[in-house]
Amino acid sequence: MKKYECTVCGFVYDEAKGMPDHGIDPGTLWENVPADWECPDCGVSKAEFEMVEA
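Residues numbered from 1 in each chain as written. Predicted model: local features only at pLDDT ≥ 70, side-chain atom pairs only at ≥ 80, totals over all residues. Heavy atoms only, no water.

(A) A look at the overall build of the chain. When you go through the chain residue by residue, the secondary structure sums to 0 helices and 3 strands. Secondary structure elements of the chain occur, N-terminal to C-terminal, as β-β-β. Its C-alpha atoms give the chain a radius of gyration of 10 Å, near enough to 10 Å, the size a compact globule of 54 residues would have. Its C-alpha atoms put the chain at 25 × 25 × 15 Å along the principal axes. Residue burial in the chain is summarised as follows: out of 54 residues, 31% are buried. Look at the contacts in the chain between residues 6 or more apart in sequence, and 39% of them connect residues 24 or more apart. With the model as given, the accessible surface of the chain reaches about 3600 Å², and the carbon-plus-sulfur share is 45%. Distance between charge centres in the chain, computed from 4 positive and 12 negative side chains, equals 7 Å. (Helix = DSSP H or I, 4+ residues; strand = E, 2+ residues; numbered from the N terminus. Rg over C-alpha atoms; globule rule 2.2 N^0.38 Å. Buried < 20%, exposed > 50% of the residue type's maximum accessible area, 1.4 Å probe, protein only. Contact = heavy atoms within 4.5 Å. Areas by Shrake-Rupley, 256 points an atom, 1.4 Å probe, with all protein chains shown as cover. Lys, Arg positive; Asp, Glu negative; His and termini not counted. Charge placed at Lys NZ, Arg CZ, Asp CG, Glu CD.)

Here it is in structure tokens:
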């Protein structure tokens, strides 16, 4: 499982945890997060995220 960080605000999406409150189950790979998903903290697109080392 990997983590992806918003390059604008620093929010981290953790594949292992998912975002159940936003309809993304734990274990959901980044590639399977919907393309129109936006950062819950600052609203930028999925394209503004980069993989980070755990």
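(B) A look at the pairing of strand E1 (residues 3–6). Because side chains alternate across E1, one face comprises the buried residues Tyr4 and Cys6, and the other comprises Lys3 and Glu5, none of which is buried. What sits between the antiparallel neighbours E1 and strand E2 (residues 12–14) is a turn of 5 residues, in which Gly10 has the positive phi angle 90°. Sheet topology note: the E1/strand E3 (residues 49–52) ladder contains 4 bridges and is antiparallel. Paired with Lys3 across the strands is Val52, a residue of E3. (Pairing = 2+ DSSP bridges.)

(C) Representation of the packing of aromatic side chains. Tallying each qualifying case throughout the model produces 6 aromatic pairs. Between the aromatic rings of Tyr4 and Trp30, the centroid separation amounts to 4.8 Å while the plane-to-plane angle is 15°, which identifies the pairing as stacked. Here Tyr4 is found in strand E1, whereas its partner Trp30 is found in the loop between E2 and E3, with 26 residues between them in sequence. By the burial criterion, Tyr4 is buried, and Trp30 matches it. Judged by centre distance (5.1 Å) and plane angle (40°), the ring pair of Trp30 and Phe49 falls under tilted. Of this pair, Trp30 sits in the loop between E2 and E3 while Phe49 sits in strand E3, and the two are 19 residues apart along the sequence. Aromatic ring contacts, followed pair by pair, group Tyr4, Tyr13, Trp30, Trp37 and Phe49 into a single cluster. Lying over the aromatic face of Trp30, Lys46 brings its terminal NZ or CZ to 5.1 Å of the ring centre. (Phe/Tyr/Trp six-rings, centres within 6.5 Å; stacked < 30°, edge-to-face > 60°. Lys NZ or Arg CZ within 6 Å of the ring centre and 35° of its normal.)

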